[in-house]
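What follows is each chain in one-letter form.
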Amino acid sequence: MIHLGLAALLVVTPPIDQVSVRQAALDSGYQEAYVGAAGPIARAIHAAYDIPASVTVAQSILESNWGRSKLSTAERNHFGFKCVTPTSPGPIALRCAQYPTTECVPAPCHPVDAYFRSYASMDDSFRDYGRLLTTSSNYAAALPVRTDPDAFIRAVARKYATDPEYANKVLRLMDRYDLRRFDAA
């Protein structure tokens, strides 16, 4: 019988270089592909609804995990919009679909099941975003500052999400991926 000492069984593994892992993920191309698809649609939404395209792209990134979430792939819902009721998807969505999510109001954050809007296309999801932000009284305070993307998302975030860091997350995406370029004429 061969006995190996405990030290011989331990394999020394170097620590994971988190910066390299993150950079490799960023270099994989899906972010660029998503921004390439979302940017022109966001510009069209800006033309139709006069809301900052940079915010539109950044919110869609955050809400859809770069178009890779189940909600965005199966339901083409890129903004996490919920249905008015389980059978009322609104004027643009086709139907409602039930998914688990996390809500932070009331605190603490907790899991819930909710009904989300299902769309025929990514374009319809973006169109509903523009329609909702410009017609809902929840976002009326954001409309006077729509020429300032940073102020706009701060005003929208107050009613859009229960995450207290939501506006900062959107702003970081806008900075990291130079999304304000979509606001240029």
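Reading guide: rules and limits
- Residues numbered from 1 in each chain as written.
- Predicted model: local features only at pLDDT ≥ 70, side-chain atom pairs only at ≥ 80, totals over all residues.
- Heavy atoms only, no water.
- Helix = DSSP H or I, 4+ residues; strand = E, 2+ residues; numbered from the N terminus.
- Buried < 20%, exposed > 50% of the residue type's maximum accessible area, 1.4 Å probe, protein only.
- Areas by Shrake-Rupley, 256 points an atom, 1.4 Å probe, with all protein chains shown as cover.
- Core = buried A, V, L, I, M, F, W, Y, C linked by side-chain atoms within 4.5 Å.
- Contact = heavy atoms within 4.5 Å.
- pLDDT = per-residue confidence, 0-100.
- Axes fitted to C-alpha atoms, helices over the stretch in contact; angles between N-to-C directions.
- Left-handed = near helix turned anticlockwise from the far one by under 90°.
- Nonpolar A, V, L, I, M, F, W, Y, C, P; charged D, E, K, R; others polar.
- Phe/Tyr/Trp six-rings, centres within 6.5 Å; stacked < 30°, edge-to-face > 60°.
- Lys NZ or Arg CZ within 6 Å of the ring centre and 35° of its normal.
- Polar contact = N/O pair within 3.5 Å; in protein donor to acceptor, adjacent residues only side chain to side chain.
- Pairing = 2+ DSSP bridges.
- Salt bridge = Lys/Arg side-chain N within 4 Å of Asp/Glu carboxyl O.

Visitor: Kindly report on the overall build of the protein, identifying the contributing residues and their values.
Guide: Tallying secondary structure elements over the protein gives 8 helices and 2 strands in all. Across the protein, helices and strands are ordered from the amino to the carboxyl terminus as α-α-α-α-α-β-β-α-α-α. In the protein, which comprises 185 residues, the proportion classed as buried is 40%. Accessible area for the protein stands at about 10,400 Å²; split by element, carbon and sulfur atoms hold 58% of it.

Visitor: Lay out the nonpolar core in plain terms, naming residues and giving numbers.
Guide: Of all hydrophobic cores here, the largest spans 41 residues; its most connected members are F126, Y160 and L179. Secondary-structure elements contributing two or more residues to this core are α3 (30-49), α4 (53-64), α6 (122-135), α7 (149-160) and α8 (166-176). Contact partners of F126, with chain neighbours within four places excluded, come to Y34, A38, I41, A42, I45, T56, S60, H78 and F79. Formed by 5 residues, the second largest nonpolar core is a distinct cluster that contains L71, A97, Y99 and F116.

Visitor: Could you give an account of the confidence of the model for the protein, with specific residues and numbers?
Guide: Looking at the protein, the pLDDT average stands at 89 and 84% of residues meet or exceed 70. Segment residues 6-13 is flagged for pLDDT under 50; beyond a separation of four residues in sequence, or across chains, it makes 1 contact in the model.

Visitor: Tell me what's going on with the packing of α4 against α6, and back it up with residues and numbers.
Guide: Contact pair α4 / α6: the axes reach a minimum separation of 12 Å and the direction vectors enclose 120°. The handedness of the crossing between α4 and α6 comes out as right-handed. In this structure, α4 uses V55, T56, Q59 and S60 to contact α6, whose residues at the interface are F126, Y129 and L133. Looking at the contact of α4 with α6 residue by residue, the classes come out as 4 nonpolar, 3 polar and no charged.

Visitor: Which residues make up the packing of aromatic side chains, and what are the values?
Guide: Throughout the structure, instances matching the rule amount to 11 aromatic pairs. With centroids separated by 6.3 Å and ring planes inclined at 75°, the aromatic side chains of Y99 and F116 adopt a geometry described as edge-to-face. Placement of Y99 in strand β1 (residues 95-103) and of F116 in strand β2 (residues 110-118) is noted, with a sequence separation of 17 residues between them. The ring of Y30 is capped by R68, whose NZ or CZ atom sits 3.8 Å from the centre of that ring.

Visitor: Give me the lowdown on the side chain of N77, citing residues and values where you can.
Guide: By the secondary structure assignment, N77 is in the loop between α5 (70-75) and β1. Side-chain polar atoms of N77 contact the backbone nitrogen of G80, separated by 2.8 Å. Ignoring sequence-local partners within four residues, the contact set of N77 consists of L71, S72, F116, R117, Y119 and S125.

Visitor: Can you tell me about the pairing of β2, naming the residues and giving the values?
Guide: Relative to β2, β1 is paired through 9 bridges, and the arrangement is antiparallel. Among the inter-strand pairings, T101 is bridged to a residue of β2, identified as V112. Turn length for the β1-β2 hairpin, with the two strands adjacent in sequence and antiparallel, is 6 residues.

Visitor: Any details on the pattern of salt bridges? Residues and values, ideally.
Guide: For the coordinates displayed, the defined rule picks out 9 salt bridges. With a shortest N-O distance of 3.7 Å, R146 and D50 are connected by a salt bridge. Remark: D50 occurs in the loop between α3 and α4 and R146 occurs in the loop between α6 and α7; sequence separation between them is 96 residues. The salt bridge involving D128 is made with R131; its shortest N-O contact spans 2.8 Å. Taken as a pair, D128 and R131 lie in helix α6 at a separation of 3 residues, close to a single helical turn. A relative accessible area of 0% means that D128 is categorised as buried. Three or more residues joined by partner-sharing salt bridges are found here, namely R117, D128 and R131.

Visitor: How would you summarise unusual backbone geometry if you had to cite specific residues and measurements?
Guide: A cis amide bond links A107 to the next residue, P108, at an omega of -5°. Position of P108 among the secondary structure elements: in the loop between β1 and β2. Phi is positive for R76, which is not a glycine, with a value near 55°. Following the sequence through the fold, R76 ends up in the loop between α5 and β1. Exposure remark for R76: the relative accessible area of 30% places this residue in the partly exposed category.

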